[in-house]
Structures are given as structure tokens and as C-alpha cells.
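Read off the chains here:
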Amino acid sequence: MISVREALNTILNNTIPLSAEIIPLEASLGRVLQEEIAADRDFPPFDRVTMDGIAIGHEFFKKGQRAFTVEGRHMAGSPTVSLKSLNNCLEVMTGATIPTGTDTVIRYEDVRIDNDIATIQIEEVNPLQNVHRQGTDRKASDLLIKPGTLITASEIGVMATVGKSEVRVTALPKIAIISTGDELVNVDQQPAPHQIRKSNVYTIQSALNTYCCQAELFHIADNKEATVNEIGVISETFDVLILSGGVSKGKADYVPDALEELGFKKLLHRIKQRPGKPFWFGSKPESNKVVFAFPGNPVSTFLCYQKYFKPWMRKSLGLPSQKAISARLSEDFYFKPELTYFLQIETSSDPSTAQLLAKPIEGHGSGDLANLLFTDAFLELPDDRSEFKAGEIFPVINFK
Ligand code: AMP
Ligand code: MG
């Protein structure tokens, strides 16, 4: 058996190359950018009024002038205008250009306007106030967004501003999610007393939405020949196979042998961890295909997805690895076997230290999927000891 660290290294050394594709901006949320986004103009592109009010030349205020004749109104979206007489003012609206001859905006709240005379009501007015100067945020041709950035709402806003109606992003791998097991029925079926409904495939399928991946679902019965044949057919059209079940030592666990028969190279099988010990991972490097074969117990599948699949997926897509977070155990915890234990926890913020606190909510083992409802993370407890003290800090895998 290999350690959790070795397993993760092996998996991260076997990412698959993904091409790029060009998609509409509106469809790019959650995708990974594969081009540089530069400013096409200065940010802002002109000296921009930031408050509704009047625009004046500050030198007249400085000389003591408080009443300014209003020459007219200058609205957002109108080409720049000029003051006719420099000691007058113009009413200006947020988003308009600052009129030529003016350099300062006093908001309506600080002005009284009667019969086209605006009288300033305050004594402190600074030059350039309420003016967002051209190019103060970014200059034309500045690099704004680097390749390898996850596109969120803020990237979309910036890309829209620079006129990117289409963007180049990492293409998504084709993913098949395959359940195995004769005891499983579909979500819309009534299970017999000896059966259960499938859950893992739906959990994984929905988790993959984070990456905008729409995986297809398959099911294979506990039969060696069917396992070989069906995985063989599925692997012809998909880049990534995520299997659940059939990788342990049971007499109906055909998945590892079937995969090897089909020419997949076993890169790891069994990790010194709980849950998820029987996890099998392999690849066909010549055709850039990988297989994650998770043990069927729902918490095992879920943990393996979070701990191994997610970092693999991020790296394949060209994203940096996720920020490491850790939490402080809230109470003593004991775990005897020499395995890395992924303890289910509920995290909260410790009000006195502002640190993350980990409250163990252990549940009843890897079949207890309902326990995941009351937890939001796993705490990774190392395999070299069995006692873990309140106050000690360990890595966290956050899933909510
Ligand atoms: P296995 O890894 O095939 O030995 O399965 C271990 C346990 O996980 C068994 O109790 C299975 O019924 C259960 N299991 C396997 N696949 C799924 C699935 N897709 N959804 C829910 N439970 C499953
Ligand atoms: Mg099974």
C-alpha cells in the first residue's frame, strides 16, 4: 500500500493534455482562460464624472467664487463639451466626461441651484474631486488577466469591458461516470428489500458541474465479461472514466482485472487511508485516458473525488492548486489503525483567534452518506500516530 502523499503525486503526474476552444463570453463562467486579456483602452478611458452635480474650474473656487452660472447639462453618453465662460459651471451626471475647462465636481447635495445660479454650500472643495482620471486604474495594453485564471463574474465584467465577446478557454475532457453493482437501482425506481438506489454517480455528476463538465452516466452489472466489454466500449469515446465500486477484494469486484485486460496501466491500487483504501487509478498514456476507480461506499467515493480527482482536474485544466487550509481540532480524537484518517468535521470560526475550528462528526463509517449532510470538510489526520489532541492543527479538505 502506498501513502496518501505518494498517491496524490502519482495522480498529479498523470494529468491529461487538454486543447483549447473558443466560446461565447456568456458561456465562460467557471471555465479556465487560455489567453491573455489586455486593456484595449485606458481604464477609465476618459476623465469620468463620479457624482451627479456641477463641474467647475477649481481655480475660481480657490479665488473665493461660490456662485456659478449654469451653462447647461452634460449627460453620460454625450460627447465632451466645453465651458463657454470659464467662471461658469455645467451640471454633469455620473459617467459623463468632465467638460473641457472644468476639473472639479461638486455633488448636488452640496449645491443649491436657483434660477440657473448654482451656489456651493461647502467650504472644502479639492481640485479633481469626484473625477476618476483617465488611465488611473489601468493603461491601454496593460495585462489584465493571465491564462490559467478561473473565470468568475469579475473576470466576465472585465472581459466585457475590453470587448471580448468570445474567449479562449481550456476544452473540457469527456467524462463517463460508471456505477457497478447488482444491488443498485436507478433513482426513479423502487428498490426491492435487498437493493439500494445509486447515489455516487449523481454526487459525482453534480460535483463536476463546478468545472462545467457534463458527464454521462453508465451502469455495469457485477459480471466479468460485461465489465470488460462495457468499459471497453465506453473508453473508446471518453477521456476520463470515473468508476464506483468493484475495486475491493470481494468475489464480484471485477474492475481492476477488467481495466488491466483492456490495456489500462495500473498506477496505484490501495492507499494507506480510511475511507477509500481500495481506490484504483490507472491510465492509457498513449491515448491520454485515465481511470479513477473509486470504492463504492459513498463516503469513500466522495472523499477520493475531493482528495484526488479535484486536484487532478484543476491541474489538467491549467488551474493553480487550491489554497491550502487547515483547522484546529476542537476536542481530542483517537484513531488506532496506521492509516491516514479523513475525519468528517464541521468547521466554524473560533471567535477569539479567528482561526478555523474542526469539530469531529464521525458518523458510522464509509457507508453513512447522510453524515455528509452535517459536515462540511474532512480533516486529514496523519497515519503515524493514533492520538490527536484538541488544539492541534491539521489540513482541511473543504467540500461546501
Ligand atoms: P463495492 O465497492 O462495490 O464493494 O461497494 C461497497 C458498498 O458501496 C456496497 O454496499 C455498495 O452497495 C455501495 N455502493 C456501490 N456503488 C454505489 C453507488 N453508486 N451508490 C451508492 N452506493 C454504492
Ligand atoms: Mg460492488
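Fair warning: this is a prediction, and the values are worked out from it, not measured in the lab.

1. Here's the deal with the site of ligand 1
Then, in step 1: If you check the shell around ligand 1, you find 15 residues, and the closest are Glu183, Ser199, Gly246, Gly296 and Asn297.
Then, in step 2: In the model, an oxygen atom of ligand 1 is placed 2.8 Å from a nitrogen or oxygen of the Gly296 main chain.
Then, in step 3: The separation between an oxygen atom of ligand 1 and a polar main-chain atom of Asn297 is 3.1 Å.
Then, in step 4: Contact with the protein chains hides 79% of the accessible area of ligand 1, taken as 490 Å² for the molecule alone.
Then, in step 5: Here the shell around ligand 1 is composed, by residue class, of four nonpolar, nine polar and two charged.

2. Quick word on the nonpolar core
Then, in step 1: Ile175, Leu208, Phe279, Phe292 and Phe309 are the most contacted members of the largest nonpolar core, which totals 40 residues.
Then, in step 2: Among the secondary structure elements, those contributing two or more residues to this core are α1 (4–12), β13 (175–180), α4 (200–207), β17 (240–244), β21 (289–294) and α7 (298–317).
Then, in step 3: A total of ten residues in this core trace back to one element, the largest contributor, which is α7.
Then, in step 4: When residues of this core are sorted by domain, at least three fall in each of domain 1 (4–18 + 172–317) and domain 4 (325–398).
Then, in step 5: Here Phe292 is in contact with Ile11, Val240, Leu241, Ile242, Leu243, Phe279, Trp280, Phe281, Tyr308, Phe309 and Trp312, once residues within four sequence places are set aside.

3. Considerations on the packing of α4 against α7
Then, in step 1: It is at 10 Å that the axes of α4 and α7 come closest, and there the two elements cross at 20°. As judged from the angle between their axes, α4 and α7 are roughly parallel. Pair α4 / α7 crosses with right-handed handedness. Here Asn200, Thr203, Ile204 and Ala207 of α4 come into contact with α7, specifically with Pro298, Thr301, Phe302 and Tyr305.

4. Points about the environment of Lys174
Then, in step 1: You can see Lys174 is positioned in the loop between β12 (166–170) and β13.
Then, in step 2: Those residues within four positions of Lys174 in sequence are excluded, and the remaining contacts are Thr237, Phe238, Asp239 and Val240.

5. Regarding the state of the cysteines
Then, in step 1: The full count for this structure, using the stated rule, is zero disulfides.
Then, in step 2: Distance from the sulfur of Cys212, which forms no disulfide, to the nearest cysteine sulfur (Cys213) is 7.6 Å.

6. Notes on the domain arrangement of the protein
Then, in step 1: Along its sequence, the protein is carved into domain 1 (4–18 + 172–317), domain 2 (22–42 + 137–170), domain 3 (48–132) and domain 4 (325–398).
Then, in step 2: Each of domain 1 and domain 3 has a C-alpha centre, and the two are 66 Å apart.

7. Remarks on the sheet that holds strand β5 (residues 67–74)
Then, in step 1: Taken in spatial order, the six strands make up an open sheet running β7-β4-β6-β5-β9-β8, and their pairing is mixed. Edge positions in the sheet fall to β7 (104–107) and β8 (111–114), since each has one partner strand and no second. Direction aside, the axes of adjacent strands within the sheet are offset by 40° on average.
Then, in step 2: Note: strand β4 (residues 53–56) against strand β6 (residues 89–92), three bridges, orientation antiparallel. By the bridge assignment for β6, Ile54 is matched with Glu91.

8. Section: the packing of aromatic side chains
Then, in step 1: Scanning all chains against the criterion turns up 16 aromatic pairs.
Then, in step 2: Both rings, one in Tyr305 and one in Phe309, keep their centres 5.1 Å apart while their planes meet at 20°; by these two values the pair is stacked. Of the two residues, Tyr305 and Phe309 both sit in helix α7, four residues apart, roughly one turn of that helix.
Then, in step 3: On the accessibility criterion, Tyr305 (2% relative accessible area) is buried.
Then, in step 4: Between Phe333 and Tyr341, the ring centres sit 5.9 Å apart and the planes meet at 5°, which makes this aromatic pair stacked. The pair formed by Phe333 and Tyr341 is uniform in burial state, with each residue classed as buried.
Then, in step 5: Grouping aromatic residues by their ring pairs yields a cluster made of Phe279, Phe281, Phe292, Phe294, Tyr305, Tyr308, Phe309 and Trp312.

9. A short note on the sheet that holds strand β18 (residues 265–269)
Then, in step 1: Strands sit in the order β16-β13-β17-β21-β20-β18 across an open sheet of six strands; the sheet is mixed. The open sheet has two free edges, formed respectively by β16 (216–220) and β18, since each of these has just one partner strand. Averaged over all neighbouring strand pairs, the angle between strand axes comes to 20°, with direction disregarded.
Then, in step 2: Helix-sheet contacts for α1 involve β18, β20 (280–284) and β21, and the interaxial angle to β18 is about 155°.
Then, in step 3: Sheet contacts for α4: β13, β16, β17 and β21; angle to β13, the most-contacted strand, approximately 165°.

Procedures and definitions
- Residues numbered from 1 in each chain as written.
- Chains lettered and ligands numbered in written order.
- Predicted model: local features only at pLDDT ≥ 70, side-chain atom pairs only at ≥ 80, totals over all residues.
- Heavy atoms only, no water.
- Near = heavy atom within 4 Å.
- Polar contact = N/O pair within 3.5 Å; in protein donor to acceptor, adjacent residues only side chain to side chain.
- Areas by Shrake-Rupley, 256 points an atom, 1.4 Å probe, with all protein chains shown as cover.
- Nonpolar A, V, L, I, M, F, W, Y, C, P; charged D, E, K, R; others polar.
- Core = buried A, V, L, I, M, F, W, Y, C linked by side-chain atoms within 4.5 Å.
- Buried < 20%, exposed > 50% of the residue type's maximum accessible area, 1.4 Å probe, protein only.
- Helix = DSSP H or I, 4+ residues; strand = E, 2+ residues; numbered from the N terminus.
- Domains from an automatic or database assignment.
- Contact = heavy atoms within 4.5 Å.
- Axes fitted to C-alpha atoms, helices over the stretch in contact; angles between N-to-C directions.
- Parallel < 35°, antiparallel > 145°, perpendicular 65-115°, else oblique.
- Left-handed = near helix turned anticlockwise from the far one by under 90°.
- Disulfide = S-S within 2.5 Å.
- Pairing = 2+ DSSP bridges.
- Phe/Tyr/Trp six-rings, centres within 6.5 Å; stacked < 30°, edge-to-face > 60°.

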